[in-house]
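A structural walkthrough
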Amino acid sequence: MLVTAGGTREPIDPVRYIGNRSSGRMGFALAEAAHRRGATVTVVAANVSLPRTAGIDYVDVVSAAELAEACDRRFDACDVLIMAAAVADYRPETAHGGKLKKDQTGEELNLRLVRTTDVLSSLADRRRPGQLLVGFAAEHGAGALDYGRGKLERKKLDAVVVNDVSGAGVGFDATDNEVWIVTADGEHHVPRASKDAVAASILDTVLSQSSSTDTKVR
Ligand code: CTP
């Protein structure tokens, strides 16, 4: 199983970046739950400062480009890919070589952002039969579930885990989560619980999807 976790950082200069509030807890909880069930697990960890579990292989990355490269190298060997990381959709077009100084930039600083590669979509395009692909959709407020259904189709996934990050105490940088797992069969609601308990529910749903394929992880 290949799991991505955390949030990418896109450099502006050597000391500044554009990032997000993902802690990596959900991805790490999924990896630990799969490891306990006997899976061989690799975690591509983007800026995660959480304790690590012996027996899980961790690959540390910083930016979306590094995460893409790490996943690209390991994807063919995995049966299940869970993209729990919050990957930047945009990065500064140029990362300045030296620290930007106010006397160089003046009263305004305009950053031009360009799109990053959609890692999950590009891996989905070259998936082999039997591989199971799970995406996350961190949405804010009304319409979260509709966005999730759209992502399932658009990114050609087996499941999308939707979390509405507008609620207090769940989602980004929180210990609890409440999610909807969207598959071709419909939606399964997982009420608010610890990320460990939510991880177990996600694996139950996702791995039952795999029973119709060759996937070996149970
Ligand atoms: N993702 C990815 N590469 C990116 C951005 C996102 O692989 N550059 C993955 C995330 O890890 C997540 C899924 O795609 O599993 C959904 O990401 P998100 O950005 O929410 O979806 P988008 O379809 O890009 O839609 P939008 O940002 O417009 O909501």
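An account of the accompanying structure is given in this report.

So, how was this worked out
Residues numbered from 1 in each chain as written. Predicted model: local features only at pLDDT ≥ 70, side-chain atom pairs only at ≥ 80, totals over all residues. Heavy atoms only, no water. Helix = DSSP H or I, 4+ residues; strand = E, 2+ residues; numbered from the N terminus. Expected span 1.5 Å × (residues − 1). Buried < 20%, exposed > 50% of the residue type's maximum accessible area, 1.4 Å probe, protein only. Pairing = 2+ DSSP bridges. Axes fitted to C-alpha atoms, helices over the stretch in contact; angles between N-to-C directions. Contact = heavy atoms within 4.5 Å. Parallel < 35°, antiparallel > 145°, perpendicular 65-115°, else oblique. Left-handed = near helix turned anticlockwise from the far one by under 90°.

1. Some details on helix α1 (residues 25-36)
- If you check α1, its first and last C-alpha atoms are 16 Å apart, about what 12 residues at 1.5 Å a residue would give, namely 16 Å.
- Judged by how many residues are buried, α1 sits mostly within the fold: nine of 12 residues are covered.
- Those residues of α1 lying buried are Met26, Gly27, Phe28, Ala29, Leu30, Ala31, Glu32, Ala33 and Ala34.
- Downstream of α1 by a residue or two, Gly38 has a phi angle that is positive, lying close to 105°.

2. Observations concerning the sheet that holds strand β11 (residues 176-183)
- What the eight strands build is an open sheet, ordered β5-β4-β1-β6-β9-β10-β11-β12; its pairing is mixed. One side of each edge strand has no neighbouring strand; the edge strands of this open sheet are β5 (57-61) and β12 (186-194). Between one strand and the next, the sheet's axes are offset by a mean angle of 20°, whatever the strand orientation.
- Note that strand β10 (residues 159-164) and β11 share three bridges and pair antiparallel. By the bridge assignment, Val162 is partnered in β11 with Trp180.
- Sitting on the sheet, helix α5 (residues 144-154) touches β9 (132-139), β10, β11 and β12, and the angle it makes with β10 is about 155°.
- Helix α6 (residues 195-209) contacts β6 (80-83), β9, β10, β11 and β12 of the sheet and is inclined by roughly 160° relative to β12.

3. Comments concerning the packing of α1 against α6
- The geometry of α1 relative to α6 is characterised by a closest axis approach of 8 Å and an angle of 60° between their N-to-C directions. Taken together, the axes of α1 and α6 are oblique relative to one another. Viewed along their axes, α1 and α6 form a crossing whose handedness is right-handed. Contacts between α1 and α6 involve Arg25, Met26, Ala29, Leu30, Glu32, Ala33 and Ala34 on the former and, on the latter, Lys195, Asp196, Val198, Ala199, Ile202 and Leu203.

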